[in-house]
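Structural overview
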Amino acid sequence: MHQLLKRSLCAIGPKDSSKRWVIAPAQKMFHTARPTLSEEGSASRLQSSPETTPSSTAAEASTADKNKSNSQRDRKQRANEQLSANFSSTLIDTFGRFHSYLRISLTERCNLRCKYCMPAEGVQLTQKDQLLTSAEVIRLANLFVTEGVRKIRLTGGEPTVRKDLTEIVAKLKATNPLLESVGITTNGLMLTRQLVGLQRAGLDALNVSLDTLKAARYEQITRRKGWDRVMAGIDLAIQLGYRPKVNCVLMKGFNDDEICDFVELTRDRDVDVRFIEYMPFTGNRWDTDKMVSYRTMLDTIRARYPAFEPLPNGPNDTSKAYQVPGYRGQMGFITSMTEHFCGSCNRLRITADGNLKVCLFGNTEVSLRDALRSPGCSEDDLRCLISAAVKRKKKQHAASPLSTSFVHNSSHRPTTLLLAHDGGLHRRHYTSLSHVDEHTGRATMVDVDDKVSTKRVAKAQATVYVGPTIAALIENNELKKGDVLSISQMAAIVAAKKTSDLIPLCHNIPLSSIKVETSLNSSTNEVHILAKVKCDGKTGVEMEALTAVSIAALTVYDMCKAVSHEILIKNIMLVEKTGGKSEFYRKQINHEPTLESRTMESRDPDRMPIVTRGYRTDPIVTNEPFVPMYI
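Residues numbered from 1 in each chain as written. Predicted model: local features only at pLDDT ≥ 70, side-chain atom pairs only at ≥ 80, totals over all residues. Heavy atoms only, no water.

Our next topic: the overall build of the protein. Looking only at helices and strands, one finds 16 helices and 21 strands in the protein. Counting only residues that meet the buried cut, the protein has 46% of its 631 residues in that class. Of the contacts made within the protein by residues no fewer than 6 positions apart, 71% connect residues no fewer than 24 positions apart. Accessible surface, the protein as shown: approximately 31,500 Å² in total, 52% of it carbon and sulfur. (Helix = DSSP H or I, 4+ residues; strand = E, 2+ residues; numbered from the N terminus. Buried < 20%, exposed > 50% of the residue type's maximum accessible area, 1.4 Å probe, protein only. Contact = heavy atoms within 4.5 Å. Areas by Shrake-Rupley, 256 points an atom, 1.4 Å probe, with all protein chains shown as cover.)

Okay, structure coming up:
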């Protein structure tokens, strides 16, 4: 298998070192992609201001900057296409997206206590020996660069609290001549102390998270003082030649009154302020009422700045760029919710404990740390693991929250072929078995060609006893893996559509509707699942309904098993079936289910009792630490 996955890398020579580094007298190395304070051009630019620059000169400079930006983006796009063509398929998913951007979390620790991120006393952190070491970070980064990654961003938690941050940046730059950019995302508190050293190590880019321009509000949000230090760090970055990106998550009733204040920040500062649509995660309970949409932000800005104009964007840019004419900086909008950019996503993420995430919204993770620390694990093994994870990446994220009663209409399910295994069977007659060919003895599907096509409906149910601890976590939406009720709904719908893939002799039929309801009974500590499936066809859909509730129940188990394995899946049953030669419904007599066939006229369509049986109700005792979701 390794031979099939061997890389077909093109011969790309290392960059000329003279173009990467400049050694100034009596100074350490500085990266020349960015001018230093000692450079004449930088000094003259810092001394200039909008007040002293003629408007014609500003307009010419703006035009030149736009042309330069367009040229850079065109070159970047061509380089991206060349990378995708030249490198192996390790980082290419099934939708043709080539992943050239890697984010690596260096720590879970943070020196702030933001109210929307963690409790005031902090969080229970992963043990240090479970986190990636600097050597492991460098080894993984080198492997990803070899496979085609050209941009790495170091994140956290807060990466500047890690003492070896500067050393990691320097090693990434020194050992990867093909790496075009190394950046960090920081809260900015430590920039005045560390940025000069980071620049000498080769840091290329800087993102600063800042949700308010008001010092009092900053202290209220973060439970810490330091707004002045953050602003001083941003100004230092500009003086050192960076164009820092200032990331602001806008929330309705929280900081949306500062939209125009952030625009004014770009008047005299060469910064890229980016508004991020509030993304509902498990930790904030999918509260979409707090989201301020991209269009609302635009309307607010244009009411005060009518000339607010869009700028060109690159093929993989997540931010929609804008600018107020004459302002030094620019604005951007990251529309994660209203206009997702999944189709051009080229990003992968590695968590501080070494898990590879192919999508920020996805709960599926692959442990690269465990693979690294396994005896005999080779680079080919790691490539296989990474490639398998990338190939499982979905077409787009499922960021929008589901309602508690989700209806999905499916026009047609994908065609599935059932291939009989040729085992050299002797010819025999099996006239009494409906799923066996009477001449060959091979498995076969029932022929329904002569049946009449009718409207068919099936309902099925399942119950999952989870215990009081898990029930409380589900009710408060605090499980690490996400919203149990919503995700189990999704799983049920997907499973119903793939029934013929899962059950060998089940017909592949077009479904007209799948309705799944999931609910939590806090008094009994149970999750109740009910599925109703419809089709217009020649065979029933009871298997689709039963498959839906079964997979939903298993999904509940999978999402909760980290808390306890004392979970009981029970009462998976068909509740009713209509539309075929005989009708079926289940009724409750002495707490035991009975089966009875009735005609359509005698069936009560509203009666759908749920049968319960005895089960364990022992309290489940466990301790699950608070684990934050890092972006």
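Now that the structure is up, let's keep going.
Another point: the nonpolar core. Inside soluble globular proteins, nonpolar side chains tend to come together where they are buried. In terms of nonpolar packing, the biggest core is built from 82 residues, with F144, I152, L154 and F275 touching the most fellow members. If near-sequence neighbours (up to four positions away) are discounted, F275 is found in contact with C248, L250, I259, F262, M297, I301, M331, G332, F333 and I334. Membership of the second largest hydrophobic core comes to 37 residues, among which are A458, I470, L485 and A531. (Core = buried A, V, L, I, M, F, W, Y, C linked by side-chain atoms within 4.5 Å.)

Turning our attention to the packing of helix 4 (residues 134-147) against helix 12 (residues 379-391). With their axes 11 Å apart at the nearest point, helix 4 and helix 12 run at an angle of 70° to one another. When the axes of helix 4 and helix 12 are compared, the pair comes out roughly perpendicular. Between helix 4 and helix 12, the contacting residues are R139, L143, F144 and E147 on the first element and E379, L382, R383 and I386 on the second. Broken down by class, the residue content of the contact of helix 4 with helix 12 amounts to four nonpolar, no polar and four charged. (Axes fitted to C-alpha atoms, helices over the stretch in contact; angles between N-to-C directions. Parallel < 35°, antiparallel > 145°, perpendicular 65-115°, else oblique. Nonpolar A, V, L, I, M, F, W, Y, C, P; charged D, E, K, R; others polar.)

Overall, the coordinates contain 21 salt bridges when judged by the stated rule. Measuring nitrogen to oxygen at the nearest pair gives 2.6 Å for the salt bridge that ties R97 to D93. Overall, R97 belongs to the buried group, its relative accessible area being 7%. Residue D93 is classed as buried on the basis of its relative accessible area of 5%. K459 is the salt-bridge partner of E576, the closest N and O atoms lying 3.8 Å from each other. Residue E576 is located in strand 19 (residues 568-578), and its partner K459 is located in strand 16 (residues 454-465); the two are separated by 117 residues in the primary sequence. In this structure K459 comes out as buried when scored by relative accessible area, which is 12%. Residues participating in the shared-partner salt-bridge network are E147, E379, D380 and R383. (Salt bridge = Lys/Arg side-chain N within 4 Å of Asp/Glu carboxyl O.)

A separate point is the sheet that holds strand 8 (residues 272-277). Pairing is mixed in the open sheet, where twelve strands are placed in the order 9-10-11-8-7-6-5-4-3-12-13-14. Strand pairing shows two members of the sheet lacking a second neighbour, strand 9 (309-310) and strand 14 (366-367), which therefore form its edges. Packed onto the sheet, helix 9 (residues 259-268) meets strand 7 (245-250), strand 8 and strand 11 (330-334) and runs at close to 155° relative to strand 8. (Pairing = 2+ DSSP bridges.)

Overall, the prediction assigns the protein a mean pLDDT of 75, with 67% of residues at 70 or greater. Per-residue pLDDT stays below 50 along residues 1-62; that stretch engages in 83 contacts with residues further than four places along the chain or on separate chains. Low pLDDT, under 50, characterises residues 399-436; the stretch is placed with 85 contacts to residues that sit more than four places away or in other chains. (pLDDT = per-residue confidence, 0-100.)

So, about the side chain of T266. In this fold, T266 is placed in helix 9. When residues no more than four places from it in sequence are discounted, the contact partners of T266 are V271, V273, Y327, R328, G329, Q330 and M331.

This part takes up the side chain of R162. Within the element layout of this structure, R162 appears in the loop between strand 4 (151-155) and helix 5 (165-175). On the basis of relative accessibility, which here comes to 14%, the residue R162 falls in the buried class. At 2.7 Å, the side chain of R162 forms a polar contact with the side chain of D164. Those residues in contact with R162 that lie beyond four places of it in its chain are L106, L132, T133, S134 and I168. (Polar contact = N/O pair within 3.5 Å; in protein donor to acceptor, adjacent residues only side chain to side chain.)

Among the residues of helix 5, those classed as buried are L165, I168, V169, L172 and K173. In an axial view of helix 5, the angular spread of the buried residues amounts to 130°, which keeps them on one side of the axis. (Arc of directions from axis to C-beta.)

Below, the discussion takes up the pairing of strand 17 (residues 513-521). Taken together, the nine bridges between strand 17 and strand 18 (residues 526-537) define a ladder with antiparallel strand orientation. Paired with N521 across the two strands is E526, which belongs to strand 18. Between the antiparallel neighbours strand 17 and strand 18 lie four residues, among them N525 with a positive phi of about 60°.

When you line up the elements, N525 lands in the loop between strand 17 and strand 18. Under the relative-accessibility criterion, N525 is labelled buried at 14%. Linking N525 and V466, residues 59 residues apart in sequence, is a C-alpha distance of 5.9 Å. If near-sequence neighbours (up to four positions away) are discounted, N525 is found in contact with V464, Y465, V466, G467, P468 and A471.

Our next topic: the packing of aromatic side chains. A ring pair, where both rings are aromatic, is described by two values, the distance of the centres and the angle of the planes. This model, assessed by the stated rule, comprises seven aromatic pairs. Between Y294 and F333 the ring centres are 5.3 Å apart and the planes differ by 55°, which places this aromatic pair in the tilted class. Placement of Y294 in helix 10 (residues 294-304) and of F333 in strand 11 is noted, with a sequence separation of 39 residues between them. Of the two residues, Y294 and F333, both sit in the buried class. Ring geometry for Y322 against F333: centres 5.4 Å apart, planes inclined by 85°, an arrangement best described as edge-to-face. (Phe/Tyr/Trp six-rings, centres within 6.5 Å; stacked < 30°, edge-to-face > 60°.)

Right, let's talk about the pairing of strand 12 (residues 347-350) for a bit. Of the two faces of strand 12, both are covered, the one formed by R347 and R349 as well as the one formed by L348 and I350. Two elements, strand 3 (residues 101-105) and strand 12, share four bridges in a ladder whose sense is parallel. Residue pairing across strands places L102 opposite L348, the latter belonging to strand 12. Strand direction decides the pairing type here: strand 12 and strand 13 (residues 355-357), joined by two bridges, are antiparallel.

Residues G156 and G157 are joined by a peptide bond in cis, for which omega reads 15°. Structurally, G157 is set in the loop between strand 4 and helix 5. The residue R223 is not glycine, and still its phi comes out positive at about 60°. Assignment of secondary structure puts R223 in the loop between helix 7 (215-222) and helix 8 (227-239). A relative accessible area of 29% places R223 in the partly exposed class.

Our focus in this paragraph is helix 4. Spanning 14 residues, helix 4 covers 20 Å between terminal C-alpha atoms, matching the ideal 20 Å at 1.5 Å per step. Counting buried residues in helix 4 gives ten out of 14 residues, a clear majority hidden from the surface. Within the sequence span of helix 4, burial applies to S134, E136, V137, I138, L140, A141, L143, F144, V145 and E147. At the C-terminal side of helix 4, G148 shows a positive phi close to 130°. (Expected span 1.5 Å × (residues − 1).)

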